[in-house]
Amino acid sequence: MTIPSIALNDGNHIPLLGLGTYKTPADTTAEVVGEAIRLGYRHIDTAALYGNEAGVGRAVRDSGLPRSEFFVTTKVWNTEQGAAKTAAAFEKSMDELGLDTVDLYLIHWPCPGNDLYVDTWRELERIRESGRARSIGVSNFAPEHLERLAQETSIKPVLNQIELHPALQQREIVDYCREHGIEIESWGPLGQGKYPLLEMPEITAAAAAHGKTPAQVVLRWHVQQRFIVFPKSTSPARLAENMDVFDFALSDAEMAAITALESGRRGGPDPREFNA
């Protein structure tokens, strides 16, 4: 199965759907990612925090496929912000991955109380200019954080990876990013099991109508809005299910019913307050 890609504001392209590896154990990551690659995944999302960059890189290297076929994302963690620390953190991530380049490097959280994200972004700009990160972006940034980057730095983030699912749609952030040519990437797209999303009648009815699972309906709701999405699974059957969302379309009424599930239910921290 071929997963469609979309263009980023720097001219690079990213597959609209990928594999998340948060909480995938380090000792099984290479196997899980390898199976995903066999199924047709080419976009893999990891982070220094996850402790499994080595397994991601091993699976990519062992795939037998050209490096150019993959889109690999990793992130700098909060305690490594600031120019010097970020430079060292990037080198460590590249050593773990065992790759010459990373396709996307992100600031994991803005941590505004630490006031280091602007200096950190300037280091990401230098990394991109070196060619070792093809694209750079951010994660969990609110509009005021993005606006400050726009005023004080030179390169626009290609995307903003934010918590996004039917109960938390963060329209203020989405609208800001779309106005400024920054793509949205959804983390926790299925609600992380923190509320009964997949049992809600608006979703189960659409699943029955299309012969799909509730999870596939929710993932389709994301991609139909051009949200880049990377569900996490370690099950081969679920990996195959998660990518099988490009052969149907939700109706306007179905999209509206799912969108109406907005409740402000946040599963993760508030980026305006999180400074860990």
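In what follows, the accompanying structure is described. (Residues numbered from 1 in each chain as written. Predicted model: local features only at pLDDT ≥ 70, side-chain atom pairs only at ≥ 80, totals over all residues. Heavy atoms only, no water.)

### Re the nonpolar core
Phase 1 of the analysis: Of all hydrophobic cores here, the largest spans 74 residues; its most connected members are Leu19, Val72, Val102, Tyr105, Leu159 and Leu250.
Phase 2 of the analysis: Beyond its immediate chain neighbours, meaning those up to four positions away, Leu250 contacts Ala206, His210, Val217, Arg220, Trp221, Gln224, Met255 and Ile258.
Phase 3 of the analysis: Trp77, Cys111, Phe230 and Phe274 belong to the second largest nonpolar core, which has six residues in total. (Core = buried A, V, L, I, M, F, W, Y, C linked by side-chain atoms within 4.5 Å. Buried < 20%, exposed > 50% of the residue type's maximum accessible area, 1.4 Å probe, protein only. Contact = heavy atoms within 4.5 Å.)

### Considering the side chain of Ser139
Phase 1 of the analysis: In this structure, Ser139 sits in strand β7 (residues 133–139).
Phase 2 of the analysis: In this structure the side chain of Ser139 is engaged in a polar contact, spanning 3.4 Å, whose partner is the backbone oxygen of His108. (Helix = DSSP H or I, 4+ residues; strand = E, 2+ residues; numbered from the N terminus. Polar contact = N/O pair within 3.5 Å; in protein donor to acceptor, adjacent residues only side chain to side chain.)

### A closer look at the layout of surface pockets
A probe as big as a water molecule, rolled over the atoms, marks out the empty space that is left.
Phase 1 of the analysis: Approximately 780 Å³ is the volume attributed to the largest pocket.
Phase 2 of the analysis: In this structure, the largest pocket is lined by 34 residues; those nearest its centre are Tyr22, Trp187, Gly188, Gln192 and Lys232.
Phase 3 of the analysis: Residue classes in the lining of the largest pocket are distributed as 16 nonpolar, 14 polar and four charged. (1 Å grid on protein atoms, 1.4 Å probe; cavity = no way out; pocket = protein on both sides within 12 Å on 5 of 7 lines; lining within 4 Å. Points joined across faces, edges and corners; volume = space filled by probe spheres on them. Nonpolar A, V, L, I, M, F, W, Y, C, P; charged D, E, K, R; others polar.)

### What to know about the pairing of strand β5 (residues 71–76)
Phase 1 of the analysis: Most of β5 is tucked away, with six of its six residues classed as buried.
Phase 2 of the analysis: Of the two faces of β5, both are covered, the one formed by Phe71, Thr73 and Lys75 as well as the one formed by Val72, Thr74 and Val76.
Phase 3 of the analysis: Judged from the three bridges that link them, strand β4 (residues 43–45) and β5 form a sheet pairing that is parallel. The residue of β5 that forms the bridge with His43 is Phe71.
Phase 4 of the analysis: Read from β4 through helix α2 (residues 53–62) to β5, the crossover connection turns out right-handed.
Phase 5 of the analysis: Sheet topology places β5 next to strand β6 (residues 102–107); four bridges connect them, and they run parallel. Within the sheet, the bridge partner assigned to Val76 lies in β6 and is Ile107.
Phase 6 of the analysis: Between the parallel pair β5 and β6, the chain is carried across by helix α3 (residues 83–97), and the sense of this crossover is right-handed. (Pairing = 2+ DSSP bridges. Right-handed = clockwise from strand over helix to strand, strands pointing away.)

### Let's talk about α2
Phase 1 of the analysis: Listed as buried for α2 are Glu53, Gly55, Val56, Gly57, Ala59 and Val60.
Phase 2 of the analysis: Considering only its buried residues, α2 is in contact with α1 (26–39), β4, β5 and α3.
Phase 3 of the analysis: In the stretch just after α2, Gly64 is the one whose phi turns positive, near 80°.

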